[in-house]
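Analysis of the macromolecular model
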Amino acid sequence: MSLIIDDLTVKLYTDFKKKEFFNVADSVSFTIQNGEIMAVVGESGSGKSFLGLSLMRLNPPYISEISSGSILISDSGSSEKIDIVKLKENQLSGVRGRLISMIFQDPNVSLNPVIKIGDQIVEAILAHKKMKKKDACDIAIHYLELMRIDGKARFNSYPHELSGGMRQRVMIAMAMVLEPAVLVADEPTTALDVKTSLQVLALIEKMRFEKNVSVLFITHDLSIARNISDKTIVFYAGQIMEYGLTEDIITNPAHPYSISLTKSVPGLSRDYAPRERLFVIPGSLSQSDFKSGKCRFYNRCFKKTERCLTEIPLLKLSSGRFARCVNIQ
Amino acid sequence: MNNGKDSEVLSINKLSKHYYGYGSLFNFKKNIIKAVDNVSFKVYKGDIFSIVGETGCGKSTLSKLILGLTSRSSGEIFYQGNILNYNLRKSDLRKKIQIVFQDPYSSLNPKKKIYKIVSLPAIKNKTIKKKDALQYSMQMLKKVGLDENYVFKFPHELSGGQRQRISIARSLSVNPELLVLDEPVSALDVSVSAQLLNLLLDLHEKNNLTYIFITHDLRLVRHMADKVCVMYGGKIMEISPVDKFFNGPLHPYSRVLLESILAYGPKNILQFADAGNISLNNINTGIKKNSSGCVYYNLCSRREVQCINNEPELKENGDVQVNCFFPYYSSE
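Residues numbered from 1 in each chain as written. Chains lettered and ligands numbered in written order. Predicted model: local features only at pLDDT ≥ 70, side-chain atom pairs only at ≥ 80, totals over all residues. Heavy atoms only, no water.

1. A short note on the overall build of chain B
Along its length, chain B carries 12 helices and 12 strands. Of all 332 residues assigned to chain B, the portion counted as buried reaches 54%. The contacts in chain B between residues at least 6 apart in sequence include a share of 64% that link residues at least 24 apart. Accessible surface for chain B amounts to roughly 15,600 Å². Of this, 48% is attributable to carbon and sulfur atoms. (Helix = DSSP H or I, 4+ residues; strand = E, 2+ residues; numbered from the N terminus. Buried < 20%, exposed > 50% of the residue type's maximum accessible area, 1.4 Å probe, protein only. Contact = heavy atoms within 4.5 Å. Areas by Shrake-Rupley, 256 points an atom, 1.4 Å probe, with all protein chains shown as cover.)

2. Overview of the overall build of chain A
Looking only at helices and strands, one finds 11 helices and 12 strands in chain A. Over its C-alpha atoms chain A spans a radius of gyration of 21 Å, differing by no more than 12% from the 20 Å that the globule rule assigns to 329 residues. Seen through its principal axes, chain A has C-alpha atoms that stretch 65 × 50 × 40 Å. Of all 329 residues assigned to chain A, the portion counted as buried reaches 55%. When contacts within chain A are restricted to residue pairs at least 6 apart in sequence, long-range pairs at least 24 apart make up 65% of them. Total accessible area on chain A is roughly 14,100 Å²; 52% of this is exposed by carbon and sulfur atoms. (Rg over C-alpha atoms; globule rule 2.2 N^0.38 Å.)

3. Quick notes on a positive patch on the surface
On the surface, Lys 112, Lys 113, Lys 116, Lys 124 and Lys 130 of chain B cluster together to form a positively charged patch. Within the secondary structure layout, Lys 124 of chain B lies in helix H3 (residues 114–124). (Patch = residues over 30% accessible without salt bridge, like charges linked within 9 Å, V, L, I, M, F, W, Y side chains within 5 Å. Salt bridge = Lys/Arg side-chain N within 4 Å of Asp/Glu carboxyl O. Lys, Arg positive; Asp, Glu negative; His and termini not counted. Charge placed at Lys NZ, Arg CZ, Asp CG, Glu CD.)

4. Some thoughts on the environment of Met 224 of chain B
Position of Met 224 of chain B relative to the elements: it lies in helix H7 (residues 218–224). Each C-alpha atom, one on Met 224 of chain B and one on Phe 49 of chain B, is 9.0 Å from the other, the two residues being 175 residues apart in sequence. Residue contacts for Met 224 of chain B: discarding those within four places in its chain leaves Arg 275 of chain A together with Ile 48, Leu 197, Leu 200, Leu 201 and Phe 213 of chain B.

5. Overview of the sheet that holds strand E2 (residues 21–32) of chain A
All names here are of chain A. In spatial order, the strands read E2-E1-E4-E5; together these four strands make up an open sheet with antiparallel pairing. Each edge of the open sheet is held by one strand with a lone partner, namely E2 and strand E5 (81–83). Strand after strand, the sheet turns through a mean of 10° between neighbouring axes, direction not considered. Bridge count between strand E1 (residues 3–13) and strand E4 (residues 64–74): eight bridges; the pairing is antiparallel. When the sheet's bridge partners are listed, Ile 5 is paired in E4 with Ile 71. Running over the sheet, helix H1 (residues 48–55) touches E1, E2 and E4 and is turned about 115° from E1. (Pairing = 2+ DSSP bridges. Axes fitted to C-alpha atoms, helices over the stretch in contact; angles between N-to-C directions.)

6. Description of the pattern of salt bridges
Summed over the entire model, instances satisfying the criterion amount to 20 salt bridges over all chains. Of the charged contacts in the structure, one is a salt bridge between Asp 221 of chain A and Arg 219 of chain B, with a shortest N-O distance of 3.3 Å. Residue Asp 221 of chain A is found in the loop between strand E8 (214–219) and helix H9 (222–228), and its partner Arg 219 of chain B is found in helix H7; the two belong to separate chains. Here Asp 221 of chain A and Arg 219 of chain B have matching classes, each one buried. Arg 277 of chain A is the partner of Asp 202 of chain B in a salt bridge, and the nearest nitrogen-oxygen pair spans 2.7 Å. Placement of Asp 202 of chain B in helix H6 (residues 190–207) and of Arg 277 of chain A in the loop between helix H11 (256–263) and strand E11 (315–318) is noted, with the two residues assigned to different chains. With a relative accessible area of 32%, Asp 202 of chain B lands in the partly exposed category.

7. With respect to the pairing of strand E8 (residues 210–215) of chain B
Residue and element names in this part refer to chain B. Burial runs high along E8: six of the six residues are buried. The two faces of E8 match: Thr 210, Ile 212 and Ile 214 on one face and Tyr 211, Phe 213 and Thr 215 on the other face are all buried. Direction of pairing for strand E7 (residues 178–182) relative to E8: parallel, over a ladder of five bridges. What sits directly across from Leu 179, in E8, is Tyr 211. Regarding the hand of the β-α-β motif, the stretch spanning E7, H6 and E8 is right-handed. (Right-handed = clockwise from strand over helix to strand, strands pointing away.)

8. Quick word on the nonpolar core
If you look at soluble globular proteins, the nonpolar side chains tend to sit buried side by side. Ranked by internal contacts, the top residues of the largest apolar core, which has 60 residues, are Phe 30, Leu 55 and Ile 100 of chain A. Sorting elements by how many residues they give to this core places E2 of chain A first, with six residues. If we ignore the near neighbours within four places in the chain, the residues touching Phe 30 of chain A are Leu 3, Ile 4, Ile 5, Met 38, Leu 51, Leu 216, Ile 233, Ile 240 and Tyr 243 of chain A. Core analysis: the next-biggest nonpolar cluster, separate from the first, contains 59 residues, Leu 141, Val 151, Met 224 and Cys 300 of chain B among them. (Core = buried A, V, L, I, M, F, W, Y, C linked by side-chain atoms within 4.5 Å.)

9. Some details on the sheet that holds E11 of chain A
All names here are of chain A. Ordered by their spatial adjacency, eight strands build an open sheet running E6-E7-E8-E3-E9-E10-E12-E11, and the pairing between neighbours is mixed. Each having just a single partner strand, strand E6 (100–103) and E11 make up the two edges of the open sheet. With direction set aside, neighbouring strand axes in the sheet form an average angle of 20°. Along the sheet face, helix H7 (residues 164–176) touches E6 and strand E7 (182–186) and points at about 175° away from the line of E6.

10. Section: the interface of chain A and chain B
Many authors give the size of an interface as the accessible area that is lost as the parts come together. Contact residues are listed per partner, giving 41 residues for chain A and 42 residues for chain B. Summed over both partners, the interface of chain A with chain B comes to about 3,900 Å²; 56% of that surface belongs to carbon and sulfur atoms. Here chain A is connected to chain B by four salt bridges. Taken together, the connections running from chain A to chain B amount to 10 residue pairs in polar contact (both at pLDDT 80 or more). Those elements that place two or more of their residues in the side of chain A that touches chain B are H7, helix H8 (194–211) and H9 of chain A. (Buried area = accessible area lost by both parts, 1.4 Å probe. Polar contact = N/O pair within 3.5 Å; in protein donor to acceptor, adjacent residues only side chain to side chain.)

11. Regarding the packing of aromatic side chains
This model, assessed by the stated rule, comprises 14 aromatic pairs over all chains. For the pair Phe 279 of chain A and Phe 302 of chain A, a centre-to-centre distance of 6.0 Å together with 75° between the ring planes defines the contact as edge-to-face. Here the residue Phe 279 of chain A occupies a position in the loop between H11 and E11, and Phe 302 of chain A occupies one in the loop between H11 and E11, the gap between them amounting to 23 residues. Judged by its relative accessible area of 27%, Phe 279 of chain A falls in the partly exposed class. A network of ring pairs unites the aromatic residues Tyr 236, Tyr 257 and Phe 297 of chain A as a single cluster. Above the plane of the ring of Tyr 19 of chain B lies Lys 17 of chain B, whose end atom (NZ or CZ) is 5.0 Å from the centre. (Phe/Tyr/Trp six-rings, centres within 6.5 Å; stacked < 30°, edge-to-face > 60°. Lys NZ or Arg CZ within 6 Å of the ring centre and 35° of its normal.)

In structure tokens form, the structure reads like this:
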């Protein structure tokens with residue numbers, strides 16, 4: 001077991017005095033095994049990026065806080081597990097990059113434009129390991145080549161000389177260079193073209209097999225989740241709405257929100273015909289949905305009954321399949 | 001949908017747009033970038049004609065050429081039999097072709113209220129008088145499914161989907177016949193884009209519009225379009241009806257593009273990494289840049305000696321047009 005998240009709750013304050021808040025992640029628990037890809041799907045504003053940031057404790061300080069729960073990662077050297085929530089601020093930089101690292105959405109802004117890409121990767125290695133700079137360069141070139149970039153020729157390139165897909169591959173190389181146990185990928189293909197996004201996805205998949213890394217893959221595109229992930233979390237308003245094997249969730253969704261999501265994408269549901277009007281989820285996700293004592297999807301649900309007006313726990317449907325809804329037969 | 005060949009709306013004949021990169025002070029014009037190169041196609045009334053291709057294949061340049069937003073290097077555009085020449089200030093032609101841009105955040109003027117944005121094209125084209133602007137924009141907003149009260153808001157008060165609806169309302173305000181949609185939903189969220197696709201299909205049926213739908217998402221093409229036009233390196237690779245295209249395209253590039261749609265079957269990504277896939281192995285090579293031969297030569301799986309020096313042309317093959325010497329046969 002490589003990443004265990006237990007009852008993680010993240011508060012986001014809405015005023016300066018830290019009196020009013022809502023939970024952007026509300027008692028989230030799941031585990032990712034070694035070499036497993038877990039997808040988190042949901043609308044924008046549902047808190048899935050915040051969840052990814054919280055795993056690295058990169059959630060914005062002063063306005064947000066991890067109030068309870070634990071994030072356990074097994075350290076490669078010892079048998080003990082490290083709890084990221086309990087680490088002090090100065091210990092965190094030793095963990096970020098070495099045990100858990102992240103690929104961000106937009107490769108255009110996440111690389112430093114005035115430093116050569118090779119130097120940026122070498123900097124990451126030297127921050128964690130004591131070795132000669134020349135050896136670090138060799139490792140960097142090796143990882144660039146794993147990402148199918150001509151390492152020697154591109155080592156001295158600046159980010160603006162590369163295309164968008166190449167920059168994203170450099171980001172993956174940089175994230176993987178210290179061989180972390182967990183990789184958080186926050187919509188890595190949204191800013192990319194169809195063909196380049198396929199290449200990036202294939203490389204993430206390859207890293208999973210070769211380096212046995214566990215991946216938390218955040219996306220809003222169900223068809224990408226279907227292709228890359230083993231298990232899927234459907235995330236809405238800070239809560240896990242449904243959890244299970246990806247293929248089960250997409251072909252046979254149980255929660256009304258998952259059903260609505262699969263119906264609103266062309267070509268995903270079973271009874272699909274071209275030009276048929278797509279299903280539209282009424283209303284939109286608002287901040288008040290995060291606070292309410294009832295089911296968080298209540299206002300937009302097509303199956304709502306009076307039983308939904310109480311707080312609903314995550315119910316077990318079958319082995320390894322959970323949904324947060326009381327109206328499932 | 002097709003009412004025969006007599007009702008063609010837009011006909012493009014050998015259209016080219018070349019940009020010149022200046023190599024040095026004296027040998028300028030040496031570095032020619034052919035953004036759109038020798039492109040010809042026809043769009044019939046009521047069709048949804050979709051143009052697909054990866055980034056940098058010239059699809060946006062083509063849309064600009066149709067709108068007259070940039071000058072063409074050679075070739076002609078005919079609109080219902082008349083040569084389209086925006087320099088002649090034929091304002092009635094301007095009215096008939098409109099565009100919806102990709103990014104709803106940068107295509108609306110942040111300093112103007114919605115009713116001014118929506119009614120401006122109609123006032124400039126003398127469809128309505130200035131005093132009717134408010135009433136008219138309320139009508140337009142109703143047409144795209146927005147509340148009438150939005151006329152007094154500013155663009156920053158609206159969400160992405162609402163802004164895109166405003167852009168559509170603005171384009172529809174002059175009663176166009178041809179609407180160019182330049183990736184209208186790629187900047188939007190899942191459920192919002194579903195709403196917008198439904199709206200576009202509704203408007204298409206109600207107002208008898210013709211769409212040119214530019215996208216890189218083949219799932220949307222299958223959902224919306226009648227005809228698919230695949231572009232690569234500024235050239236048209238294949239034009240075919242949508243059901244034929246998805247049953248097996250003829251051009252090698254179209255096959256690669258179709259394989260890369262992720263909606264098809266679960267768990268096939270690693271196939272792309274392992275199975276000697278061309279698009280992955282030759283990642284550093286790309287569009288063939290010297291003037292002779294096929295532009296897709298470098299990445300092609302069916303290339304032969306003939307393709308290096310001879311340029312293929314768009315040939316009719318039934319109702320499919322293919323730009324290749326060695327196309328797949330539909331049975332393969």
